[in-house]
Structures are given as structure tokens and as C-alpha cells.
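# Overview (structure and organization)
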Amino acid sequence: MTDDVKADLKKKSKPPTQIAGVTGIDAHKPMGSEPAPRINWFSLTRLPPFEMFVLEQSGLNVGGNADEWVKQRRATLGDDAFYDQYALWHKKKGYWPNETPTGEVIEG
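Residues numbered from 1 in each chain as written. Predicted model: local features only at pLDDT ≥ 70, side-chain atom pairs only at ≥ 80, totals over all residues. Heavy atoms only, no water.

In terms of helices and strands, the protein carries five helices and zero strands. For the protein, the sequential pattern of α-helices and β-strands runs α-α-α-α-α. Classification of the 108 residues of the protein by burial places 17% in the buried group. The contacts in the protein between residues at least 6 apart in sequence include a share of 49% that link residues at least 24 apart. (Helix = DSSP H or I, 4+ residues; strand = E, 2+ residues; numbered from the N terminus. Buried < 20%, exposed > 50% of the residue type's maximum accessible area, 1.4 Å probe, protein only. Contact = heavy atoms within 4.5 Å.)

Mapped onto the elements of the fold, His90 is located in helix H5 (residues 79-93). Residues within four places of His90 in sequence aside, it is in contact with Pro49, Trp96, Glu99, Thr100 and Pro101.

Below, the discussion takes up the packing of helix H3 (residues 48-58) against helix H4 (residues 66-77). Close contact between H3 and H4 brings their axes to 11 Å; oriented N to C, the two are set at 80 degrees. Comparing their axes, H4 and H3 come out roughly perpendicular. Counted together, Phe50, Val54, Gln57 and Ser58 of H3 and Ala66, Trp69 and Val70 of H4 form the full contact between these two elements. (Axes fitted to C-alpha atoms, helices over the stretch in contact; angles between N-to-C directions. Parallel < 35°, antiparallel > 145°, perpendicular 65-115°, else oblique.)

Another aspect to go through is the packing of aromatic side chains. Using the criterion set out here, one finds 13 aromatic pairs in the structure. Ring geometry for Phe50 versus Phe82: centroids 6.1 Å apart, planes at 85 degrees, classification edge-to-face. Pair noted here: Phe50 is in helix H3 and Phe82 is in helix H5, with a separation of 32 residues, a long-range link. For the pair shown, Phe50 and Phe82 are each scored as buried. Ring geometry for Phe53 and Tyr86: centres 5.3 Å apart, planes at 65 degrees, overall edge-to-face. You can see Phe53 sitting in helix H3 and its partner Tyr86 sitting in helix H5, a full 33 residues away along the chain. Each member of the pair, Phe53 as well as Tyr86, is classed as buried. Taken together through their ring pairs, the aromatic side chains of Trp41, Phe50, Phe53, Trp69, Phe82, Tyr83, Tyr86, Trp89, Tyr95 and Trp96 make up a single cluster. In this structure, Arg46 is placed above the aromatic ring of Phe42, and the distance from its NZ or CZ to the ring centre is 3.8 Å. (Phe/Tyr/Trp six-rings, centres within 6.5 Å; stacked < 30°, edge-to-face > 60°. Lys NZ or Arg CZ within 6 Å of the ring centre and 35° of its normal.)

Looking now at the side chain of Thr45. One can find Thr45 in the loop between helix H2 (41-44) and H3. Note on Thr45: relative accessible area 18%, which makes it buried. A polar contact is formed between the side chain of Thr45 and the backbone oxygen of Phe42, at a distance of 3.3 Å. Aside from chain neighbours lying at most four places away, what touches Thr45 is Phe50, Glu51 and Val70. (Polar contact = N/O pair within 3.5 Å; in protein donor to acceptor, adjacent residues only side chain to side chain.)

By size, the foremost hydrophobic cluster in this structure holds 13 residues, and its most contacted members are Leu44, Phe50, Phe53, Phe82 and Tyr86. With four residues, H5 is the single largest residue contributor to this core. In contact with Leu44, other than residues within four places in its own chain, are Ile39, Phe50, Tyr83, Tyr86, Pro101 and Thr102. (Core = buried A, V, L, I, M, F, W, Y, C linked by side-chain atoms within 4.5 Å.)

Written as C-alpha cells, this is what we have:
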């Protein structure tokens, strides 16, 4: 290797230093920064408490067009506001103290 080639190799910059480390708790996003999970309307609309909510709120008879009413309410209020109305109704009823509005069993 000639002296010129050696000098050129020395002039080339090194890649940035690589650092390995642990960030711990800072690696996680703060609570509440994640978007709320999407509502599984297919499952929710088949739960007996939700069916009862729809019948009470819509004034429809059993066998009425409840699906259409739900679609219209979701379009008018938005999914989150409509779900919040249902969740509040579910809590106030108190019929299902060991169940979430989505039908999950609360342990304890």
C-alpha cells in the first residue's frame, strides 16, 4: 500500500459510536397516551345488557329495527360518546356488578 492510500484511509471518518443501554421505565409511554381500544360493536350488540339498553333508549319493541337505531346513534353521536352513554347506563342499572359493559368478568 502506498503512503497516499494509507493517508486517504486515515482521513475517512469513522461511523458514529454505537451505544447499548437500558432505558427502563422511560421506554414506556405514559398512562393515558395510548388511544382507547376500538369498540367491538359486533360483540357488544349481542350482549343482553346492550340489547336491554337499546330497547330502553330507542323505545323499540322486541324485534324492532334495533340494528338500524344503533347505526344511526353511532353516526350521530360518534362511537365513543355512544359507548359512554351505554357504559353509564350499565353502571347505573347495577344488574351486573361483576361485569364490565363489554361483558368481561371482573375478578375480585
